[in-house]
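Given next are the chains, with one letter for each unit.
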Amino acid sequence: MEGIDEPVDRMTARTLRRAVLDHHHTERRHRFPPLLHVGVPGATEDVVAAEPDGGADHALRADIVAALLQRARRGGTPPLVWITRPGPLDLQDVDAAWLAAARTATAEAGVGLTMVVVTRRGWLDPRSAVRREWKRLRQR
């Protein structure tokens, strides 16, 4: 099976919780455009707009992910790909479109893919459906 498996290892859980915390504390609006992040939450990351109807087809999205992955891999730490967006923690069209692009980009680069969807309340791996949600998320 692709994606994150249960039980989620401690380092992955901390990293993904950090992505949710960062999003929760930086995005205060109820409506905002989805964003694609590539890098390491809490450290170095590159961000681009991930609008599903922004004019980007699959090939262009895959090229964007490939370029961001190449930049992020220079740091030595395996990069994470995540989408921040409003709404429920269910698979949406924007998630599926960028997941397909990320799969293509990582397959061409010969690297593994860790990709999640992040909302203000949790994260979801769209491939394995593993998720974590919090009612009250606090900084530790």
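Residues numbered from 1 in each chain as written. Predicted model: local features only at pLDDT ≥ 70, side-chain atom pairs only at ≥ 80, totals over all residues. Heavy atoms only, no water.

Enquirer: Is there a simple way to explain unusual backbone geometry in this structure?
Expert: Excluding glycine, a negative phi dihedral is what most residues carry, and trans is how most peptide bonds are arranged. Each neighbour pair has its own omega, and for Glu6 with Pro7 the value is -10 degrees, a cis peptide bond. Topologically, Pro7 is positioned in the segment before helix H1 (10-26). (Helix = DSSP H or I, 4+ residues; strand = E, 2+ residues; numbered from the N terminus.)

Enquirer: Mind showing me how you'd approach the pairing of strand S4 (residues 115-119) here?
Expert: Two faces make up the sheet, and in a regular strand the side chains alternate between them. With five of five residues buried, S4 is to be regarded as a mostly interior element. Of the two faces of S4, the one holding Met115, Val117 and Thr119 and the one holding Val116 and Val118 are both buried throughout. When strand S3 (residues 80-84) meets S4, the two strands line up parallel, connected through four bridges. Residue pairing in the sheet places Trp82 in a bridge with Val116 of S4. Where S4 lies against strand S5 (residues 122-124), three bridges are found, and the strand directions are antiparallel. Looking at S5, one finds that Val118 is bridged to Trp123. Linking S4 back to S5 in an antiparallel pair, the connection comprises two residues. (Buried < 20%, exposed > 50% of the residue type's maximum accessible area, 1.4 Å probe, protein only. Pairing = 2+ DSSP bridges.)

Enquirer: Looking at this model, I keep getting lost on the confidence of the model for the protein chain. Mind explaining?
Expert: Note: predicted coordinates in regions of low pLDDT should not be interpreted at a detailed level. Model confidence for the protein chain is summarised by a mean pLDDT of 89, while 94% of its residues fall at 70 or above. Ranking the helices and strands of the protein chain by mean pLDDT puts S5 first, with 97, and strand S2 (residues 45-49) last, with 89. (pLDDT = per-residue confidence, 0-100.)

Enquirer: Help me understand the side chain of Thr119, please; the structure alone is not making it clear to me.
Expert: Looking at the element boundaries, Thr119 is found in strand S4. Look past the residues within four positions of Thr119 in its chain and what remains in contact with it is Val20, His23, Arg85, Gly87, Pro88 and Leu89. (Contact = heavy atoms within 4.5 Å.)

Enquirer: Looking at this structure, I do not really get the nonpolar core. What am I missing?
Expert: Most often, soluble globular proteins keep nonpolar side chains buried together rather than apart. Counting 18 residues, the largest nonpolar core has Leu36, Val38, Val65, Val81, Trp98 and Met115 as the members making the most contacts within it. Taken together, the elements giving at least two residues each to this core come down to strand S1 (35-39), helix H2 (58-73), S3 and helix H3 (93-109). A total of six residues in this core trace back to one element, the largest contributor, which is H3. Those residues in contact with Val38 that sit more than four places away from it in its chain are Thr44, Glu45, Asp46, Leu68, Leu69, Ala72, Pro79, Leu80, Val81 and Trp82. Within the second largest apolar cluster, 13 residues are counted, among which are Val8, Trp82, Val118 and Trp123. (Core = buried A, V, L, I, M, F, W, Y, C linked by side-chain atoms within 4.5 Å.)

Enquirer: Got a minute to help me understand the pattern of salt bridges in this structure?
Expert: Close approach of charged atoms allows side chains of opposite charge to pair. Across all of its chains, the model carries nine salt bridges by this definition. With a closest N to O distance of 2.7 Å, Arg29 and Glu27 form a salt bridge. Among the ionic pairs, Glu133 bridges to Arg131, the shortest N-O distance being 3.3 Å. A relative accessible area of 30% places Arg131 in the partly exposed class. (Salt bridge = Lys/Arg side-chain N within 4 Å of Asp/Glu carboxyl O.)

Enquirer: Help me out: how do you make sense of the pairing of S1 in this one?
Expert: Burial analysis of S1 places four of its five residues in the buried class, the great majority of the element. In this sheet, S2 lies alongside S1 in antiparallel orientation, the contact comprising five bridges. Counterpart to Val38 in the pairing with S2 is Asp46. Between S1 and S2, which pair antiparallel in sequence order, lie five residues; one of them, Gly42, sits at a positive phi of approximately 85 degrees. Two strands pair when backbone bridges link them, and S1 and S3 are joined in this way by five bridges, in the antiparallel orientation. Its bridge partner being in S3, Val38 is matched across the sheet by Val81.

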